[in-house]
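Survey of secondary and tertiary structure
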There are 2 protein chains.
Amino acid sequence: MPSETRNLAVLREKAYEAALQVPFTRLTLTDGSTIQLYDTSGPSRAVRTQWIAERRRDGQPTTQLACARAGIATPEMEFVALREGVPVELVRSEVAAGRAVIPANIHHPELEPMIIGSAFLVKVNANIGTSAVTFDLAEEVEKMRWAAKWGADTVMDLSTGPRIHETREAILRESPVPIGTVPIYQALEKVNGDPTRLSWEIFRETVIEQAEQGVDYMTVHAGVLLRHVPLAADRVTGIVSRGGSLMAAWCLAHHEENFLYTHFAELCEIFAAYDITFSLGDGLRPGSIADANDAAQLAELKTLGELAPIAWAHGVQVMIEGPGHVPMHKIKENVELQQEWCHAAPFYTLGPLTTDIAPAYDHITSAIGAAMIAMYGTAMLCYVTPKEHLGLPDRDDVKAGVIAYKIAAHAADLAKGHPGAQARDDALSKARFEFRWEDQFELSLDPDTARAYHDEELPAPAAKTAHFCSMCGPKFCSMRISADLQADLREYAQQGMQAKSAEFAASGGRVYLPVEPVVPVEPVVP
Amino acid sequence: MPSETRNLAVLREKAYEAALQVPFTRLTLTDGSTIQLYDTSGPSRAVRTQWIAERRRDGQPTTQLACARAGIATPEMEFVALREGVPVELVRSEVAAGRAVIPANIHHPELEPMIIGSAFLVKVNANIGTSAVTFDLAEEVEKMRWAAKWGADTVMDLSTGPRIHETREAILRESPVPIGTVPIYQALEKVNGDPTRLSWEIFRETVIEQAEQGVDYMTVHAGVLLRHVPLAADRVTGIVSRGGSLMAAWCLAHHEENFLYTHFAELCEIFAAYDITFSLGDGLRPGSIADANDAAQLAELKTLGELAPIAWAHGVQVMIEGPGHVPMHKIKENVELQQEWCHAAPFYTLGPLTTDIAPAYDHITSAIGAAMIAMYGTAMLCYVTPKEHLGLPDRDDVKAGVIAYKIAAHAADLAKGHPGAQARDDALSKARFEFRWEDQFELSLDPDTARAYHDEELPAPAAKTAHFCSMCGPKFCSMRISADLQADLREYAQQGMQAKSAEFAASGGRVYLPVEPVVPVEPVVP
């Protein structure tokens with residue numbers, strides 16, 4: 001449409017689809033077109049309260065897996081089908097087969113359901129949580145909201161300091177996304193930090209406490225077996241998983257098999273009662289390039305593959321955790337072995353970091369590995385922030401980590417040819433080519449920063465419709481020159497070169513050239 | 001060694017190896033070990049003045065390619081062999097075969113030679129330069145120094161505004177790294193920004209002006225042929241290369257073949273006289289995911305493959321430029337076609353960006369693609385900064401771009417199994433596992449930021465030797481628990497489990513546990 005009648009502002013609305021109240025962000029762009037974006041930001045409308053009550057009333061199974069196997073498409077499944085734009089039968093069948101999970105504790109009605117599986121959009125988890133060195137309950141709740149605002153699909157509360165219970169309660173009651181935990185951390189607090197005093201009884205009590213609160217998935221390091229521990233002895237970086245090192249210490253001190261392994265079936269019964277999803281932890285994941293894909297890591301992975309069917313037999317959903325630090329050429333093998341040994345259960349990896357030499361930039365070293373591992377089939381990516389290895393992430397780090405991982409996840413969705421994934425890229429690129437700056441900003445993962453960067457040099461409102469930016473200036477804008485050529489080119493291509501030649505010569509070869517700025521903008525000359 | 005006698009500071013020195021004065025950074029770590037790192041930071045000792053004079057005196061060929069073919073190992077080749085830690089014969093033979101280039105204009109004696117080729121370390125280029133909207137000569141020189149400090153292997157001066165000649169002169173006389181340019185930009189300034197008034201004569205004059213100054217390599221868009229232009233007509237983002245759009249505009253306006261193509265042999269003669277390296281420009285590179293690997297891009301690539309042997313016949317070195325915006329699953333094809341069609345000439349790519357939806361984070365979207373394309377064989381990566389698509393990079397953006405690309409390049413070196421590449425990762429990981437914080441910082445790509453992040457929560461000097469950080473706190477530090485277990489584990493693995501069992505029981509299972517901080521550090525409680 002002509003520029004003088006064009007709306008200059010993008011309309012950004014929260015939209016809810018169907019009776020299930022599936023949330024979306026709806027953008028109405030300045031050219032009049034609309035686009036719907038997946039929206040994790042909440043707040044939730046707590047629609048699950050009713051669904052859970054009805055399921056109980058109708059005598060249906062408690063867990064999504066049991067329902068799926070019984071041929072029941074739960075409201076949660078219908079919700080995620082609408083959210084992903086796929087048939088509900090695909091959701092049900094993938095959950096039934098164990099290839100996808102919907103982490104949704106029956107005590108977490110605030111949840112807006114989401115699905116994790118290689119047939120669906122790649123998901124991103126953000127870790128938050130206090131430590132003994134630094135903690136602030138309100139700040140953690142705010143970090144959860146902040147992570148969800150920027151696109152985190154799940155959040156893990158990894159608090160280890162004081163007030164673990166209250167922190168988690170506050171987070172859960174506000175969270176529209178599934179919350180994951182690592183119960184061994186709280187169990188350790190209960191034994192004053194002495195891992196040798198851990199026990200199945202203390203762990204069990206902790207799991208039930210967290211289950212009652214509504215934790216949707218829990219990391220359990222049940223694959224760190226006594227016989228695996230010596231395999232890590234000659235590593236450059238030993239055991240870098242906290243849970244893994246605790247269980248290794250326990251196993252060695254007692255010279256007994258890991259109680260999480262020996263009591264796994266009992267754990268499954270508890271998980272089934274609340275529909276908690278297992279995240280089978282990789283306690284022996286490599287913590288350096290040197291240790292990638294080694295015997296310790298692979299031995300544990302194989303054990304996790306033995307545990308998954310036991311959980312499934314109890315109607316409990318399972319994800320498998322993966323590394324860590326892995327050079328690019330060893331990434332594919334991780335997915336292939338995981339898929340084979342763990343019977344196609346969803347893979348959930350931390351990065352992986354593709355080099356060890358960039359502390360303070362490990363959101364980038366790991367976004368490279370994350371994008372690749374997701375392309376090969378990993379279902380969810382646990383983010384890494386710039387503070388990894390150096391300290392606890394603050395608000396800015398959480399955002400940096402989430403954005404880097406949304407990039408990795410989306411790059412993988414494109415590479416996998418996920419239906420509809422490219423629509424946002426195409427809309428943004430079209431806006432870019434047509435100099436619809438506000439549309440470009442609003443379609444981006446972080447409109448605030450994109451706009452701020454553009455405004456640094458061209459803050460005038462007129463610059464938002466200018467047919468160039470400060471990168472090249474008006475004379476050198478290739479997009480502008482190209483856009484001016486475009487219409488003619490199409491005609492040119494149709495009519496053939498010979499016929500057009502004379503016409504070009506007649507017009508002095510200057511019909512579309514030179515280009516001049518449409519909107520006067522003051523150049524900034526320092 | 002015992003901690004009380006350990007040196008707490010890392011010694012960082014500039015070292016020069018052999019008579020050729022090859023620069024390195026030498027770190028002496030706190031455990032007494034040393035490591036040498038590749039060093040691009042300059043300032044140069046201008047050793048080339050003598051080499052160039054001697055070559056002329058001895059009647060040897062002017063160009064590195066001609067020398068290599070004549071079986072002569074130039075001082076430049078010996079320099080890069082020492083720098084890369086490879087035999088000089090590998091350098092000579094790769095240059096002779098056209099698989100590697102040493103961009104080194106005989107009028108740039110300040111240069112510290114470097115090599116670009118898939119058999120060597122992956123290199124990174126940083127773009128700087130003024131535009132009509134913003135310029136400051138001193139700032140551009142400082143950006144060049146800044147880029148080289150953080151590891152840029154070459155720098156392209158893409159200035160398009162006023163004072164192009166003076167800006168370039170100032171940069172060249174200070175630059176230890178090869179300087180590349182795109183001469184068509186200055187040529188356009190000479191015709192007041194009207195691309196239809198460009199001509200071979202004006203271009204030739206501009207190239208000679210820049211050659212005399214010492215420009216080491218030049219981008220020439222000789223592959224944008226008249227018949228290729230209509231292939232870009234239906235693209236989402238048309239022609240996004242500045243040089244490409246200018247040449248397309250010229251071709252269409254005149255209905256004549258690209259003068260860079262028709263005069264290519266003459267251009268080769270000029271390049272040969274100064275030993276300038278061609279960077280054959282990808283004027284039709286895709287500017288969006290939608291346009292990746294399309295007919296226009298590939299038609300141009302094929303033409304570049306026809307031009308490379310013409311340059312070689314003149315004794316002129318050649319690189320081939322590549323995209324751009326490419327989804328992950330289409331990256332490999334780019335390298336395969338380039339290597340086949342362009343006879344294994346070094347590939348030099350801009351990113352590629354693996355999604356379009358993250359303006360303000362395109363250093364990350366493209367670091368993913370850059371790492372992958374380098375793993376497949378790309379020899380040099382042109383960085384993308386966070387300001388890409390939004391404005392001109394400032395000092396912070398230049399650093400962010402260089403660091404992201406050093407990560408991508410190093411990740412690819414690891415994946416390619418480049419000899420020695422993993423030594424730095426291993427040294428850093430070992431330092432990390434042994435809580436040698438200062439060693440970890442100094443071995444990282446950006447010691448300043450790594451140290452600053454750590455200091456945010458644990459600023460006390462004692463924290464630099466503490467056996468934990470604020471991420472997990474003392475009780476939860478897996479590295480600490482694991483390190484404490486390590487020595488015992490090795491013994492344990494040797495002696496077998498049975499024999500150790502009784503011993504463990506006798507010691508109460510608490511020999512190595514619980515762990516307590518060695519150095520008292522005040523927790524920071526907000």
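Residues numbered from 1 in each chain as written. Chains lettered and ligands numbered in written order. Predicted model: local features only at pLDDT ≥ 70, side-chain atom pairs only at ≥ 80, totals over all residues. Heavy atoms only, no water.

Under the annotation held in an unreviewed UniProt entry, chain A carries the name Phosphomethylpyrimidine synthase and is attributed to Hamadaea flava. The UniProt entry for chain A carries this comment under Function (unreviewed entry): "Catalyzes the synthesis of the hydroxymethylpyrimidine phosphate (HMP-P) moiety of thiamine from aminoimidazole ribotide (AIR) in a radical S-adenosyl-L-methionine (SAM)-dependent reaction." According to its UniProt record, chain A has this under Pathway (unreviewed entry): "Cofactor biosynthesis; thiamine diphosphate biosynthesis." (UniProt positions renumbered as here; feature names shortened; annotations may be inferred.)

Section: the overall build of chain A
Check the secondary structure of chain A and you find 20 helices and 13 strands. When the 526 residues of chain A are sorted by exposure, 66% land in the buried category. Relative to all contacts within chain A whose residues are 6 or more apart in sequence, the contacts with residues 24 or more apart total 71%. For chain A, the exposed surface amounts to about 16,500 Å²; the carbon and sulfur share of it is 53%. (Helix = DSSP H or I, 4+ residues; strand = E, 2+ residues; numbered from the N terminus. Buried < 20%, exposed > 50% of the residue type's maximum accessible area, 1.4 Å probe, protein only. Contact = heavy atoms within 4.5 Å. Areas by Shrake-Rupley, 256 points an atom, 1.4 Å probe, with all protein chains shown as cover.)

A look at the sheet that holds strand β13 (residues 380–382) of chain B
Residues and elements named next belong to chain B. Within the closed barrel, the eight strands sit side by side as β6-β7-β8-β9-β10-β11-β12-β13. Their pairing is parallel. Ignoring strand direction, the axes of neighbouring strands in this sheet form an average angle of 25°. Across two bridges, the pairing between strand β7 (residues 154–157) and strand β8 (residues 179–181) is parallel. If you follow M156 over to β8, its bridge partner there is G180. (Pairing = 2+ DSSP bridges. Axes fitted to C-alpha atoms, helices over the stretch in contact; angles between N-to-C directions.)

Description of the UniProt feature "binding site: Zn(2+)" (unreviewed entry) in chain A
All names here are of chain A. The UniProt entry lists H325 and H389 under the feature "binding site: Zn(2+)" (unreviewed entry), expressed in the numbering used here. Spatial clustering of the annotated residues is evident: they stretch over 65 residues in sequence, but the largest pairwise C-alpha distance comes to 12.3 Å. Following the sequence through the fold, H325 ends up in the loop between β11 (318–322) and α13 (331–341). Here H325 falls in the buried class, since its relative accessible area comes to 5%.

Quick notes on the confidence of the model for chain A
All names here are of chain A. Overall, the prediction assigns chain A a mean pLDDT of 90, with 88% of residues at 70 or greater. Within the model, pLDDT remains below 50 along residues 1–5, and this stretch shows four contacts once partners closer than five positions in the same chain are excluded. Of the regions scoring below 50 in pLDDT, residues 498–526 engages in 50 contacts with residues more than four places distant in sequence or in other chains. (pLDDT = per-residue confidence, 0-100.)

Some details on the side chain of D413 of chain A
All names here are of chain A. By the element assignment, D413 lies in helix α15 (residues 395–415). Of the side chains bearing the opposite charge, K416 lies closest to the buried D413, which forms no salt bridge; the N-O distance is 5.2 Å. With residues up to four places along the chain from it excluded, the contact list for D413 reads F120, L121, V122, H418 and A421. (Lys, Arg positive; Asp, Glu negative; His and termini not counted. Salt bridge = Lys/Arg side-chain N within 4 Å of Asp/Glu carboxyl O.)

Considering unusual backbone geometry
With an omega dihedral of 0°, the bond running from G42 of chain A to P43 of chain A counts as a cis peptide bond. The topology assignment puts P43 of chain A in the loop between β3 (34–38) and α1 (48–57). One non-glycine residue, N293 of chain B, lies in positive phi territory at about 55°. Take N293 of chain B: it is sitting in the loop between β10 (277–280) and α12 (295–313). The backbone phi angle of F435 of chain B is positive, close to 55°, even though this residue is not glycine. Among the secondary structure elements, F435 of chain B is positioned in the loop between α16 (422–433) and α17 (437–443).

Things to note about the nonpolar core
Soluble globular proteins: nonpolar side chains tend toward being buried together. Of all hydrophobic cores here, the largest spans 262 residues; its most connected members are F278 and M328 of chain A together with F278 and I320 of chain B. Residues contacting F278 of chain A, with those up to four places away along its chain left out, are M218, V220, F264, L267, C268, F271, A311, V316, Q317, V318 and M319 of chain A. (Core = buried A, V, L, I, M, F, W, Y, C linked by side-chain atoms within 4.5 Å.)

Some thoughts on the packing of aromatic side chains
Taken as a whole and assessed by the stated rule, the structure comprises 18 aromatic pairs over all chains. Plain terms: the ring middles of W146 of chain A and W150 of chain A are 5.6 Å apart, the flat faces sit at 85° to each other, and that makes the pair edge-to-face. Each member of the pair, W146 of chain A as well as W150 of chain A, carries the same accessibility label: buried. These aromatic residues form a ring-pair network of at least three members: W200, F203, W250 and F259 of chain A. Its end group placed over the ring of Y453 of chain B, K387 of chain A keeps NZ or CZ at 5.3 Å from the ring centre. The ring of Y16 of chain B carries the charged tip of R45 of chain B above its face, separated from the ring centre by 3.6 Å. (Phe/Tyr/Trp six-rings, centres within 6.5 Å; stacked < 30°, edge-to-face > 60°. Lys NZ or Arg CZ within 6 Å of the ring centre and 35° of its normal.)

Some words on the pairing of strand β3 (residues 34–38) of chain B
Residues and elements named next belong to chain B. On β3, burial follows the alternation: I35 and L37 on one face are buried, whereas T34, Q36 and Y38 on the facing-out side are not. Pairing of strand β2 (residues 22–28) with β3, which is carried by five bridges, proceeds in the antiparallel orientation. Across the sheet, residue T25 finds its bridge partner in β3, namely L37. If you look at the hairpin formed by β2 and β3, you'll find five residues sitting between the two strands, and G32 has a positive phi there, around 90°.

Considerations on the packing of helix α6 (residues 164–174) of chain B against helix α8 (residues 200–213) of chain B
Residue and element names in this part refer to chain B. Between α6 and α8, the shortest axis-to-axis distance is 10 Å and the interhelical angle comes to 30°. Between α6 and α8, the angle falls in the class roughly parallel. Handedness of the α6/α8 crossing: right-handed. Every residue of α8 that contacts α6 at H165, R168, E169, L172 and R173 is listed here: E209, Q210 and Q213. Split into classes, the residues belonging to the contact of α6 with α8 amount to one nonpolar, three polar and four charged. (Parallel < 35°, antiparallel > 145°, perpendicular 65-115°, else oblique. Left-handed = near helix turned anticlockwise from the far one by under 90°. Nonpolar A, V, L, I, M, F, W, Y, C, P; charged D, E, K, R; others polar.)

Details of the sheet that holds β3 of chain A
All names here are of chain A. Judged by pairing direction, the sheet is antiparallel, and its three strands sit side by side in the order β1-β2-β3 without closing on themselves. Edge positions in the sheet fall to β1 (11–17) and β3, since each has one partner strand and no second. Neighbour-to-neighbour, the strand axes of this sheet turn through a mean angle of 30°, independent of strand direction. The strands touched by helix α3 (residues 75–84) within the sheet are β1, β2 (22–28) and β3, with β2 carrying the most contacts at an inclination of about 15°.

Structural notes on the environment of R242 of chain B
By the secondary structure assignment, R242 of chain B is in helix α9 (residues 242–254). In this structure, the C-alpha to C-alpha distance between R242 of chain B and H221 of chain B, residues 21 residues apart in sequence, is 9.8 Å.

Describing the pairing of strand β9 (residues 217–220) of chain B
All names here are of chain B. Of the two faces of β9, the one lined by Y217 and T219 and the one lined by M218 and V220 are each fully buried. As paired strands, β8 and β9 are joined by two bridges and run parallel to one another. What sits directly across from T181, in β9, is M218. Note that β9 and β10 share four bridges and pair parallel.

Some words on α12 of chain B
The terminal C-alpha atoms of α12 of chain B lie 28 Å apart, and with 19 residues this matches the ideal 27 Å at 1.5 Å per residue to within 8%. Phi turns positive, to about 75°, at G315 of chain B, one or two residues after α12 of chain B. (Expected span 1.5 Å × (residues − 1).)

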